[in-house]
Amino acid sequence: MGIVSWARSKSPWIAHFCTGSCNACDIEILACLTPRYDIERFGAVLKGSIRHADILLVTGPVTRQVRDRLLRIYEQMPEPKYVVAVGTCATSSGVYRGAYNVYPGVDSVIPVTAYISGCPVKPENIINGLSFLLKKIGESK
Amino acid sequence: MNVEEDVLRELKEAFGGLILEHKTQKMRVYIRVPRDSYREVVKYLVITKGIYHLETITGMEVKDGIEIIAHLGTGLSISVRTTIGKENPKISSICDLIPGAEFYEREIHDLLGVVFESHPGLRRLVLADDWPEGVYPLRKSFESKHNAPLREGFD
């Protein structure tokens, strides 16, 4: 583990982007940030600007209208960038699969590092996915 | 006699033979009118009777055309339904009577391709900006499939 990847894995800054979800996953992400689950103990802070973030949390099925916005946000992220698909809709578009207005998951539009399943995801699952991702970040050079 | 029957009797007195079909339920009155009288019936309800609250306008493709239903009223709702042909579907707009109808008509135009004549701005409302012209996703002939992935290796 190099010192840069070690430092990175200790202070992951998060940006949250909703691509058309029902807001259940978004509320669970907010629950993670509250003192009960408190992902800030891993150094994770929710940032308002994507230009300050290391991790992009995407919730909801990617709709045709939001596709270009998602690509634009992804391109604005500084390297190295990690994308986490939060919830069933983001991983595989869930019950919306086959509908005319969605893409079959976030990974059909941008590369995804970690998938967190659940409808909605449990905060414990988000912490599990985040710790998996942080381990991966720490192992990278 | 209950209130639904009273409403239906008044409508029958005003329009007589134009009401092709009717049905009443608790707090609901359904009438079917020909396409050309749709606006006239809504105008009667709004202007003469003062029922100016529009709950919604729904559109659906049925066997012999596209069915448009305007649901009017508070508490007791009166549903004016009419069927228009699938080929080149056109109906007169009710936006000048009820300004709130504008968005419902734009949505039906997007999803079913119904043209509302004399609508102030029949622009795209719910579909994506790059959606192809002339493709209407709620038609029976539309084959629903999710959008093609941008990256390779996905179905």
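Relevant structure appears above.
Bear in mind that the values here come from a model prediction, so they are computed numbers and not experimental data. (Residues numbered from 1 in each chain as written. Chains lettered and ligands numbered in written order. Predicted model: local features only at pLDDT ≥ 70, side-chain atom pairs only at ≥ 80, totals over all residues.)

Examining the overall build of chain B
Within chain B one finds 3 helices and 7 strands. Each helix and strand of chain B, placed in order from N terminus to C terminus, yields the pattern α-β-β-α-β-β-β-β-α-β. Its C-alpha atoms give chain B principal-axis dimensions of roughly 65 × 30 × 30 Å. Looking at chain B as a whole, 23% of its 155 residues qualify as buried. Excluding contacts between residues fewer than 6 apart, the proportion of contacts in chain B whose partners are at least 24 apart in sequence is 46%. (Helix = DSSP H or I, 4+ residues; strand = E, 2+ residues; numbered from the N terminus. Buried ≥ 20, exposed ≤ 12 C-beta atoms within 10 Å, placed from the backbone. Contact = placed C-beta atoms within 7 Å.)

Regarding the overall build of chain A
On a plain count of helices and strands, chain A comes out with 5 helices and 5 strands. Reading chain A from its N end, one meets helices and strands in the order α-β-α-β-β-α-β-α-β-α. Here the C-alpha radius of gyration of chain A, 14 Å, is about what a compact globule of 141 residues would show, namely 14 Å. Counting only residues that meet the buried cut, chain A has 41% of its 141 residues in that class. Sequence-distant contacts in chain A: of pairs separated by 6 or more residues, those separated by 24 or more amount to 80%. (Rg over C-alpha atoms; globule rule 2.2 N^0.38 Å.)

A closer look at the interface of chain B and chain A
Contact with chain B, which involves 12 residues of that partner, is made by 13 residues of chain A. For the side of chain B that touches chain A, the class distribution of residues is 5 nonpolar, 3 polar and 4 charged. (Nonpolar A, V, L, I, M, F, W, Y, C, P; charged D, E, K, R; others polar.)

Here we look at helix H2 (residues 24–33) of chain A
Residue and element names in this part refer to chain A. Here H2 has its buried residues at Cys25, Glu28, Ile29 and Cys32. Taken down its axis, H2 places every buried residue within 105° of arc, on the same side. Those residues of H2 hidden inside the fold are in contact with strand S1 (13–18), strand S3 (55–59), strand S4 (82–86) and helix H5 (123–139). (Arc of directions from axis to C-beta.)

Points about the sheet that holds strand S2 (residues 28–32) of chain B
All names here are of chain B. In spatial order, the strands read S1-S2-S5-S4-S3; together these 5 strands make up an open sheet with mixed pairing. Strands at the two margins of the open sheet, each flanked by one partner only, are strand S1 (21–25) and strand S3 (54–62). Strand-to-strand twist in this sheet, taken as the mean axis angle between neighbours without regard to direction, amounts to 15°. With 5 bridges connecting them, S2 and strand S5 (residues 77–84) associate as parallel partners. Each residue of the ladder has a partner; that of Arg32, found in S5, is Arg81. Contacting strand S4 (65–72) and S5, helix H2 (residues 38–48) crosses the sheet at an angle of about 165° to S5. (Pairing = 2+ DSSP bridges. Axes fitted to C-alpha atoms, helices over the stretch in contact; angles between N-to-C directions.)

Describing the nonpolar core
Counting residues in each nonpolar core, the largest one holds 36 residues, and the members touching the most others are Val58(A), Val84(A) and Val86(A). Secondary structure elements with two or more residues in this core: S1, H2, S3, S4, helix H4 (88–92) and H5 of chain A. Those residues within four positions of Val58(A) in sequence are excluded, and the remaining contacts are Phe17(A), Thr19(A), Val83(A), Ala85(A), Val86(A), Ala90(A) and Val106(A). Counting 27 residues, the second largest nonpolar core, distinct from the first, contains Ile31(B), Val33(B), Leu72(B) and Ile94(B). (Core = buried A, V, L, I, M, F, W, Y, C linked by C-beta atoms within 7 Å.)

Considering the pairing of S1(A)
Residue and element names in this part refer to chain A. Note that S1 and strand S2 (residues 45–46) share 2 bridges and pair parallel. From the neighbouring strand, Trp13 faces S2, where its bridge partner is Val45. This β-α-β element, S1 to H2 to S2, shows right-handed connectivity. Here S1 pairs with S3 via 5 bridges, running parallel. Bridged to Ile14 within S3 is Ile55. (Right-handed = clockwise from strand over helix to strand, strands pointing away.)

A short note on the packing of helix H1 (residues 3–10) of chain A against H5(A)
For any two helices packed against each other, one specifies the crossing angle of their axes together with the interaxial distance. All names here are of chain A. Running from N to C, H1 and H5 cross one another at 165°; their axes reach a closest spacing of 7 Å. Considered as vectors, H1 and H5 are oriented roughly antiparallel to each other. With respect to the hand of their crossing, H1 and H5 are arranged in right-handed fashion. From H1, Ser5, Trp6, Arg8 and Ser9 reach across to H5, where they touch Leu134, Ile137 and Gly138. When the residues that make up the contact of H1 with H5 are grouped by side-chain class, the tally is 3 nonpolar, 3 polar and 1 charged. (Parallel < 35°, antiparallel > 145°, perpendicular 65-115°, else oblique. Left-handed = near helix turned anticlockwise from the far one by under 90°.)

Quick look at unusual backbone geometry
The linkage connecting Glu79(A) with the following residue, Pro80(A), adopts the cis geometry, with an omega of -10°. Here Pro80(A) lies in the loop between helix H3 (67–76) and S4. Cis geometry marks the peptide bond from Cys119(A) to Pro120(A); its omega dihedral reads -5°. Among the secondary structure elements, Pro120(A) is positioned in the loop between strand S5 (114–116) and H5. A positive phi is found at Asn88(B), a non-glycine position, where the angle reads about 55°. Relative to the helices and strands, Asn88(B) resides in the loop between S5 and strand S6 (90–92).

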